[in-house]
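Structural overview
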Amino acid sequence: MSSTLYLRIASVLTIIHAILHTVGGVLSKPRNGATEIAVIDAMKSQSFNVMGSMRTYWDFFYGYGWLLGLALLVEGILFWQLATIAKTNAAQLRPIIALFCVNFLVTTVIAWKYFFIAPAVTEILIAAFLAAAYVAAVSQKAA
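Below, the structure is looked at part by part. What you see is a predicted model, and the numbers here were worked out from it, not measured in a lab.

**Thoughts on unusual backbone geometry**
Although it is not a glycine, methionine 51 adopts a positive phi angle of roughly 55°. Locating methionine 51 in the fold gives a position in the loop between β1 (48-50) and β2 (53-55). With relative accessibility at 85%, the residue methionine 51 sits in the exposed group.

Dropping the structure here:
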């Protein structure tokens with residue numbers, strides 16, 4: 001199989017991850033009862049000065065959620081574009097593919113430790129397809 005196909009698969013998985021993260025994480029309503037609502041209310045209740053801007057922990061939580069969703073969407077689009085380039089020049093993409101592969105391996109560990117299994121599994125799958133694209137790019141060069 002070609003690096004183009006592996007990059008396309010990584011692209012689709014990353015875009016799905018972006019959508020599910022945004023819908024299920026950023027835009028979802030509390031589902032775990034009064035305790036969860038109390039935590040969210042506490043996160044929203046106290047503002048503090050951060051470099052001249054008054055912010056709450058909720059602002060950071062919510063804002064970082066949007067940042068991650070956007071970053072995943074951009075990465076998914078980038079992987080699709082890289083797949084197009086890989087049709088004619090896969091070997092030159094290897095450093096870029098390796099960089100994103102390492103990124104997704106590290107985020108897998110972070111997701112496993114601090115979040116839950118679904119994002120960790122998605123990220124390890126993305127990393128695996130990026131690793132496959134990396135390896136396939138060598139064999140395309142030799143061919």
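**Let's talk about the nonpolar core**
Counting 21 residues, the largest nonpolar core has Leu7, Phe79, Ile97, Phe104, Ile126 and Leu130 as the members making the most contacts within it. Examining the composition of this core, we find that six residues originate from one element, helix α5 (residues 117-142), more than from any other. Residues in contact with leucine 130, not counting those within four places in the same chain, are Leu7, Ala10, Phe79, Ile97, Phe100, Cys101 and Phe104.

**Some words on the layout of surface pockets**
To locate leftover empty space, one rolls a probe as large as a water molecule over the atoms. Considered as a void within the structure, the largest pocket measures approximately 1100 Å³ in volume. As for the largest pocket, its lining consists of 38 residues, and the residues nearest its centre are His21, Gly25, Phe61, Phe115 and Phe116. Looking at the lining of the largest pocket, the elements that each hand over two or more residues are α1 (3-26), α2 (33-45), α3 (57-89), α4 (94-114) and α5. The greatest single-element share of the lining of the largest pocket, amounting to ten residues, is contributed by α3. Looking at the lining of the largest pocket residue by residue, the class counts come to 22 nonpolar, ten polar and six charged.

**Focus on α3**
Taking 1.5 Å per residue as the helical rise, α3 with its 33 residues ought to reach 48 Å, and the 45 Å between its terminal C-alpha atoms agrees with that figure. Buried within α3 we find Trp58, Gly65, Gly69, Leu72, Glu75, Gly76, Phe79, Leu82, Ala83 and Ala86. Structurally, the start of α3 carries an N-cap: the backbone nitrogen of tryptophan 58 is 3.3 Å from a side-chain oxygen of threonine 56.

**Describing a nonpolar patch on the surface**
Taken together, the side chains of Val12, Ile16, Ile19, Leu20, Val23, Leu27, Phe61, Tyr62, Trp66 and Trp80 define a hydrophobic patch exposed on the protein surface, amounting to about 970 Å² of accessible area. Counting only elements with at least two residues in the nonpolar patch, the list comes to α1 and α3. With five residues, the single largest contributor to the nonpolar patch is α1. Relative to the helices and strands, valine 23 is located in helix α1.

Rules used throughout
- Residues numbered from 1 in each chain as written.
- Predicted model: local features only at pLDDT ≥ 70, side-chain atom pairs only at ≥ 80, totals over all residues.
- Heavy atoms only, no water.
- Helix = DSSP H or I, 4+ residues; strand = E, 2+ residues; numbered from the N terminus.
- Buried < 20%, exposed > 50% of the residue type's maximum accessible area, 1.4 Å probe, protein only.
- Core = buried A, V, L, I, M, F, W, Y, C linked by side-chain atoms within 4.5 Å.
- Contact = heavy atoms within 4.5 Å.
- 1 Å grid on protein atoms, 1.4 Å probe; cavity = no way out; pocket = protein on both sides within 12 Å on 5 of 7 lines; lining within 4 Å.
- Points joined across faces, edges and corners; volume = space filled by probe spheres on them.
- Nonpolar A, V, L, I, M, F, W, Y, C, P; charged D, E, K, R; others polar.
- Expected span 1.5 Å × (residues − 1).
- Polar contact = N/O pair within 3.5 Å; in protein donor to acceptor, adjacent residues only side chain to side chain.
- Patch = residues over 30% accessible without salt bridge, like charges linked within 9 Å, V, L, I, M, F, W, Y side chains within 5 Å.
- Areas by Shrake-Rupley, 256 points an atom, 1.4 Å probe, with all protein chains shown as cover.
- Salt bridge = Lys/Arg side-chain N within 4 Å of Asp/Glu carboxyl O.

The analysis is restricted to geometry; functional conclusions fall outside its scope.
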